[in-house]
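# A structural walkthrough
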Amino acid sequence: VTGGGGASLRARAALLLLAAALGACTARPTLDARVAITEDTRGSETVRARLAAAPPLLPRPLGIVATTATATPEVVRIALAPAPNVRWRRSLAADARPELLDDVVLVPVAGTLLVLDDESGETRHELPLPGRVFLGAAREGDTIAVAVRDAGDDDAPRTHLIAFDARTFAVRFRHDSDAELGRPVARAGMLFLPWQRQGAVVLDLASGRELAFLRSRDDVIDFVVADDDDVWLGQRVLYPLSRGYDGTRATARSLGPEAESLPGRPPLYESSFSPRPAVPSAHGRIALHLRARRGEGGGDPTARDDRAYFVFYRHVFAYDGKGALHWARSLPRDTVAARALGGGLLLIGDDGTITALAATDGAVLTSASVGAALGGTLASAALDGTVDLALPAGTAPAAPATSLRQGLLEIALDVDQRLLPARALAVSALAALPDPQTTRDLLDVYGRSTTPPELSRVVADALRSRRIGLEHAIDALLARYDFLDGTRPAPLAVLAPALVDAGERRAVPRLIERMLDHETPLGVLPGVVHAVVELGDAAVVSPLLAFLRLYRNDSSFANEPDALIEAARGVLRHGGAEGPLQLAAVHADGRAHVALRSAVAAMLAPSKPEAEPTAVTTAPAPTAPLPRTLSRADVAATFRAHEAELRACLRAELEKNPKLAQLRIAFVAESDGSAHAFQITPASDTLGDCLYPKLAGYRFPRFAAGRRVVRHTLALERDAEPTAPLQVMSDVDQPWWSRAAKTQRKVDPMLTPWWQSAHPIAPLVTRDSSPGTSAPSPTPSSTPAPTAAPASSPEDAWWVPAGPKP
Amino acid sequence: MQRPPTPRRTPAPHPAALAPSALPTWLRSLLLGALLVSAATAHAAESKSRMPSMKELQAELDSGDQARVQQAIERLAARKRPDSAQALIAFVRAGQPDALCDRAIAALGAVGSPEAMPLLAELSRHRRPAARVAALTAAAAIPGEPADALLTAGLRDSDPAVRGQSARLLGERGTRSAAPLLFRALERGVPEAAAAIGRLGDAAAVARMHGLLGKLALQTLLEGYERFLARADLDEASKLDIVTRLGEVAGPAVKRFLEQQLAAGVAARAPRLASALKETAKRIPENTPATREPKP
């Protein structure tokens with residue numbers, strides 16, 4: 001190439017190269033949300049190669065930078081060596097959690113990012129960030145990269161990345177993006193920027209040039225983190241970038257417990273897209289902590305020490321990499337921050353207590369507090385450092401390890417209602433333990449007055465499914481209400497069905513004892529009698545018959561004869577040839593209540609001799625469909641019906657506490673109309689003792705959907721106006737009490753009341769007086785009647801015996 | 001069912017009709033005595049013959065007529081015989097309406113047969129509080145430890161009426177072993193326990209009751225103190241201590257109480273106590289509030 005033409009060509013080529021170079025430096029298509037829609041993963045091999053070539057990380061000393069929840073907020077630098085101490089503190093109202101980056105601390109304050117000296121706390125630089133929200137920062141070597149987001153536009157956030165020199169504070173590069181970028185991570189000379197919750201953009205840390213674009217095609221990417229030996233991105237699963245990343249789930253790895261099942265569904269790591277608050281919040285208080293490690297020899301990744309720690313305020317659960325729970329521990333104070341380290345978990349309590357728990361068994365390796373120097377509680381904290389936790393040889397832990405059962409029980413028995421999800425988790429974990437004593441523990445939790453209905457339900461479910469340690473359930477049957485000792489009745493609503501399910505015949509004598517005990521709430525009595533019938537044999541006929549005779553004409557069962565009807569069924573079932581005669585004797589003189597008489601007559605009605613004895617309870621139930629759930633009006637009406645006896649209890653309480661304006665009652669309502677796990681607030685011992693046995697006997701209308709936790713408020717009035725009703729607060733449109741007061745409800749004695757229809761035996765009562773319906777067969781039959789309904793349905797009470805399905 | 005026929009009566013001859021005036025005085029006296037005995041025996045036989053037989057009473061019990069059943073229950077109670085208890089036991093066990101059941105239980109108490117204790121024990125756990133009260137009341141009429149055990153168990157009942165009646169009955173029976181439980185019941189809100197303690201407690205119980213001054217309602221404790229002061233078997237020092245403690249509490253209620261005790265003659269044979277009552281009552285001003293009323 002010669003002459004001007006050649007020069008021209010060279011000049012053009014040079015221009016093209018320059019343009020290409022400039023383009024390479026300035027082009028950032030993936031930082032533009034619109035352009036990148038069509039982009040796919042590229043450059044992951046570069047990332048993999050750089051990570052592989054990077055030297056291993058050196059251990060960094062532990063350090064803490066925290067904010068206080070005091071009237072004058074402060075940023076506090078806490079050093080841990082040689083002993084925990086406050087290195088410096090400054091009165092700064094941080095907008096987001098400060099970050100400790102080697103020798104500097106970054107604190108966003110009122111639109112300015114303060115760069116403080118880590119040793120002295122003095123301001124070394126101020127980076128103006130007006131109208132920006134600090135997302136986080138990363139540092140490697142002398143380069144600090146800060147990600148911020150425009151404030152006030154959550155739908156279309158515009159994010160900015162600023163990289164500057166950690167010593168001169170000169171800006172090295174800057175990117176402004178329409179895309180949603182997250183908190184950066186620096187490693188191996190690369191800067192990883194979470195991108196649009198779909199992946200990450202990887203820049204060269206020195207130049208800001210894009211090296212790779214990692215985009216998932218089938219997953220949400222919520223964080224990018226750098227752990228011991230790898231960089232990971234993901235949300236519910238981890239993608240190790242050292243293996244290369246092709247944008248599909250093929251490289252995904254799971255680690256630790258199934259976070260979806262944990263309270264609060266904590267992510268494996270904090271979201272990179274959300275600012276980390278400096279004020280008290282659930283951030284840090286509910287979190288999963290682990291240190292992911294690259295799998296040896298290309299295997300699956302593992303967690304450091306094979307532990308993932310779930311922290312819920314002050315309760316800690318330690319799982320292994322497969323999700324098995326190893327230990328649980330309760331701490332005295334809420335945790336504001338924690339960090340998984342080699343050998344265990346380091347936690348910072350809101351009182352400034354720094355606690356190290358051993359990975360193996362949860363023993364407290366060490367515990368020290370800087371609380372005295374704080375003058376208040378901590379709001380947030382950031383922990384940095386990678387040293388391992390270990391006790392010096394010959395040193396005993398500050399607090400020994402407890403067994404998993406003990407740890408879980410301690411958590412389950414916590415009285416802090418904020419921590420209910422963790423308590424429920426502990427109960428579920430307890431129920432899974434094979435230790436027979438756990439059954440007793442669960443009963444203990446259930447029986448505590450501090451156990452709220454929500455937790456009682458979890459315990460009840462757990463007890464229903466347990467088949468181990470049932471001797472404790474049998475022992476628990478001995479518990480009964482005692483005014484002097486302040487004991488409450490056994491949780492029969494839970495125990496009886498559990499024992500029936502387990503076929504525990506050993507329980508029969510105690511069940512009979514409870515059947516004959518007046519302190520057994522009427523609401524659970526049918527279940528108790530049912531258990532006696534189901535678990536008993538011919539020996540139960542005598543007590544059942546005595547019970548039936550004694551109460552057949554007593555007002556106690558006039559409105560709720562279910563227990564007596566169930567007893568009659570038992571006599572027939574276990575009485576052999578004598579059974580029908582004995583029942584006939586009860587029925588013949590006409591003294592029994594109408595409902596009972598009808599039911600017995602139906603049982604004794606001629607039928608096919610080979611009918612199944614249990615067929616009496618499996619007849620079709622001509623009842624109207626149940627409501628889906630228990631309405632507030634139904635609850636209010638039930639309380640209203642018992643107003644007089646409630647008033648008797650409340651009168652004494654009002655005398656002691658005239659300012660008492662209302663009483664809140666929470667309980668678990670079962671679909672069969674029974675209720676248990678009552679919580680009365682505020683409750684004195686005497687009021688609880690008076691109310692509890694009454695409340696436990698109430699029956700609510702049946703409903704279809706399982707159980708319901710009910711909260712009810714009684715507005716109290718002084719007895720100055722004796723005729724004024726006890727008001728029940730309800731949020732239905734019209735006050736129910738005004739409706740009830742205006743119109744006296746007429747009850748047709750011929751209609752089947754709800755409490756009769758609550759049980760499958762009840763249809764017998766109606767059939768007895770309803771022509772055209774066939775009576776069920778009380779006697780054994782190998783061929784069920786053609787009209788027989790399924791043995792049980794979701795609407796059946798739990799004591800309905802199982803039978804043939806259609 | 002028809003009422004059974006009343007048995008025919010055989011009246012005894014009047015003694016005067018048979019008295020020959022010619023007989024010697026001593027013989028006349030002897031004959032007269034014999035005739036009187038005979039007449040009394042005949043009268044007793046007549047009275048006895050008016051009571052229906054057990055079979056008839058049983059038939060009445062089974063009659064289904066409430067009035068006749070009630071009468072039969074009363075007659076069984078009046079008989080006070082073991083077979084009465086048996087009939088009543090069977091009657092209750094057969095299942096009765098509330099009113100008849102409770103009457104029959106009370107009748108068992110009137111009969112007072114230990115044979116009824118097993119049933120009364122069962123009925124002390126009857127689902128109706130009224131039936132439990134009746135059962136405990138009946139049991140209290142039967143001497144022995146089983147009844148004491150039932151009554152102390154009644155203090156643990158969920159129903160305040162049952163607890164109160166148990167406390168009362170324990171006091172009336174003087175079951176001293178129940179004093180600690182009665183104190184627990186009193187502290188837990190069974191006011192009837194105060195009077196019961198006053199009936200059976202010793203000097204230590206007096207001291208323990210002083211400890212409740214200011215914690216429990218004064219009127220409740222005064223019922224206990226009243227019983228203590230009325231007892232002859234309690235030493236005078238304890239009674240004087242009561243007056244002293246109440247004097248410290250003062251108030252119009254205490255003043256009135258002390259005056260009432262003086263008027264009731266609790267210190268009729270104890271001049272020191274009488275003087276203490278009088279002086280203490282005099283020292284308390286009319287309208288000074290008590291110093292140890294419990295806070296509301």
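Structure first, text after, so check above.
A brief look at the structure comes next. Bear in mind the structure is a predicted one, so any value in this text is a computation, not a measurement.

## Thoughts on the overall build of chain A
Along its length, chain A carries 21 helices and 31 strands. Scored against the burial criterion, the 806 residues of chain A give a buried share of 55%. Looking at chain A alone, contacts between residues at least 24 apart form 61% of all its contacts between residues at least 6 apart. Total accessible area computed for chain A in this model is approximately 33000 Å², and 55% of it derives from carbon and sulfur atoms.

## Things to note about the interface of chain B and chain A
Taken residue by residue, the interface counts 27 residues in chain B and 33 residues in chain A. Between chain B and chain A, the buried area comes to about 2600 Å², and carbon and sulfur atoms account for 44% of it. When the buried area of chain B at its contact with chain A is split by residue, Arg125(B), Arg127(B) and Arg188(B) rank highest and sum to 36% of it. The interface formed by chain B and chain A includes five salt bridges. The partner of Arg184(B) in a salt bridge is Asp485(A), with the nearest N and O atoms 2.4 Å apart. Here chain B is connected to chain A by 19 residue pairs in polar contact (both at pLDDT 80 or more). For the side of chain B that touches chain A, the secondary structure elements donating two or more residues are helix H5 (82–93) and helix H11 (179–187) of chain B. Broken down by element, the residue count for the side of chain B that touches chain A peaks at three residues, all from H11(B).

## Some words on the sheet that holds strand E11 (residues 171–177) of chain A
Residue and element names in this part refer to chain A. Pairing is antiparallel in the open sheet, where four strands are placed in the order E8-E9-E10-E11. The open sheet has two free edges, formed respectively by strand E8 (132–140) and E11, since each of these has just one partner strand. Direction aside, neighbouring strands of the sheet carry axes that sit 15° apart on average. The pairing of strand E9 (residues 143–150) with strand E10 (residues 159–165) spans seven bridges and is antiparallel. By the bridge assignment, valine 148 is partnered in E10 with histidine 160.

## Focus on the pattern of salt bridges
Note on pairing: side chains with opposite charge can pair once their charged atoms come close. Residue and element names in this part refer to chain A. If you walk through the whole model with that rule in mind, you get 68 salt bridges over all chains. When the shortest N-O distance is used, the salt bridge between glutamate 454 and arginine 711 registers 2.0 Å. One end of the pair, glutamate 454, is in helix H7 (residues 453–465); the other, arginine 711, is in strand E30 (residues 707–715), with 257 residues separating them in the sequence. One salt bridge connects arginine 640 with glutamate 643, and the closest N-O pair in it is separated by 2.7 Å. Glutamate 643 sits in the buried class, given a relative accessible area of 15%.

## A short note on the side chain of Asp204(A)
Residue and element names in this part refer to chain A. Within the element layout of this structure, aspartate 204 appears in strand E14 (residues 199–204). Separated by 2.9 Å, the side chain of aspartate 204 and the backbone nitrogen of serine 207 make a polar contact. Ignoring sequence-local partners within four residues, the contact set of aspartate 204 consists of Arg50, Phe173, Gly189, Arg209 and Leu211.

## A short note on helix H12 (residues 192–200) of chain B
Every α-helical turn comprises 3.6 residues, leaving residues that sit three or four positions apart pointing alike. Residue and element names in this part refer to chain B. Across the nine residues of H12, seven count as buried, placing the element largely inside the fold. Listed as buried for H12 are Ala193, Ala194, Ala195, Ala196, Ile197, Gly198 and Leu200. In this fold, the buried residues of H12 make contact with helix H10 (160–173), H11, helix H13 (203–210) and helix H14 (218–230).

## A closer look at the sheet that holds strand E18 (residues 238–240) of chain A
Residue and element names in this part refer to chain A. Read across the open sheet, the three strands follow the order E16-E17-E18; overall the sheet is antiparallel. What marks the edges here is a single partner per strand, and that holds for strand E16 (223–227) and E18. Recorded for the sheet is a direction-independent mean angle of 30° between the axes of neighbouring strands. The pairing of strand E17 (residues 230–234) with E18 spans three bridges and is antiparallel. Paired with glycine 234 across the strands is leucine 238, a residue of E18.

## Considerations on the packing of H14(B) against helix H15 (residues 236–249) of chain B
Residues and elements named next belong to chain B. As a packed pair, H14 and H15 sit with axes 10 Å apart at the nearest point and diverge in direction by 155°. With respect to H15, the axis of H14 lies roughly antiparallel. For the crossing formed where H14 meets H15, the hand is left-handed. Each of Leu218, Leu222, Tyr225, Phe228 and Leu229 in H14 lies in contact with H15, whose residues at this interface are Lys239, Ile242, Leu246 and Val249. Grouping the amino acids of the contact of H14 with H15 by side-chain chemistry returns eight nonpolar, no polar and one charged.

## Re the pairing of E16(A)
All names here are of chain A. Among the five residues of E16, four are classified as buried, and the element is accordingly described as predominantly covered. Relative to E17, E16 is paired through five bridges, and the arrangement is antiparallel. Bridge pairing in E17 places valine 225 opposite tryptophan 232. Between the end of E16 and the start of E17, which pair antiparallel, lie two residues.

## Some words on unusual backbone geometry
Residues and elements named next belong to chain A. Of note, the amide linkage connecting alanine 81 to proline 82 takes the cis form, showing an omega dihedral of -5°. Turning to its location among the elements, proline 82 is positioned in the loop between strand E2 (75–79) and strand E3 (85–90). The phi dihedral of aspartate 102 falls on the positive side, at around 55°, and the residue is not glycine. Relative to the helices and strands, aspartate 102 resides in the loop between strand E4 (99–101) and strand E5 (104–109). For aspartate 305, which is not glycine, the phi torsion reads 60° and is therefore positive. Note on placement: aspartate 305 falls in strand E20 (residues 302–312). On the basis of relative accessible area, aspartate 305 is assigned to the partly exposed category, the value being 34%.

## Concerning the packing of aromatic side chains
In this structure the tally under the stated criterion is 12 aromatic pairs over all chains. Note on Tyr239(A) and Tyr245(A): the rings are 5.3 Å apart at their centroids and 75° apart in plane angle, and the pair reads as edge-to-face. For the pair Tyr239(A) and Tyr245(A), one class covers both residues: buried. An aromatic cluster is present here, built from Phe310(A), Phe312(A), Tyr313(A) and Phe317(A) joined pairwise through their rings. The ring of Phe483(A) carries the charged tip of Arg163(B) above its face, separated from the ring centre by 3.5 Å. In this structure, Arg188(B) packs its charged tip against the face of Phe483(A), placed 5.1 Å from the ring centre.

Quick notes on the rules
- Residues numbered from 1 in each chain as written.
- Chains lettered and ligands numbered in written order.
- Predicted model: local features only at pLDDT ≥ 70, side-chain atom pairs only at ≥ 80, totals over all residues.
- Heavy atoms only, no water.
- Helix = DSSP H or I, 4+ residues; strand = E, 2+ residues; numbered from the N terminus.
- Buried < 20%, exposed > 50% of the residue type's maximum accessible area, 1.4 Å probe, protein only.
- Contact = heavy atoms within 4.5 Å.
- Areas by Shrake-Rupley, 256 points an atom, 1.4 Å probe, with all protein chains shown as cover.
- Buried area = accessible area lost by both parts, 1.4 Å probe.
- Salt bridge = Lys/Arg side-chain N within 4 Å of Asp/Glu carboxyl O.
- Polar contact = N/O pair within 3.5 Å; in protein donor to acceptor, adjacent residues only side chain to side chain.
- Pairing = 2+ DSSP bridges.
- Axes fitted to C-alpha atoms, helices over the stretch in contact; angles between N-to-C directions.
- Parallel < 35°, antiparallel > 145°, perpendicular 65-115°, else oblique.
- Left-handed = near helix turned anticlockwise from the far one by under 90°.
- Nonpolar A, V, L, I, M, F, W, Y, C, P; charged D, E, K, R; others polar.
- Phe/Tyr/Trp six-rings, centres within 6.5 Å; stacked < 30°, edge-to-face > 60°.
- Lys NZ or Arg CZ within 6 Å of the ring centre and 35° of its normal.

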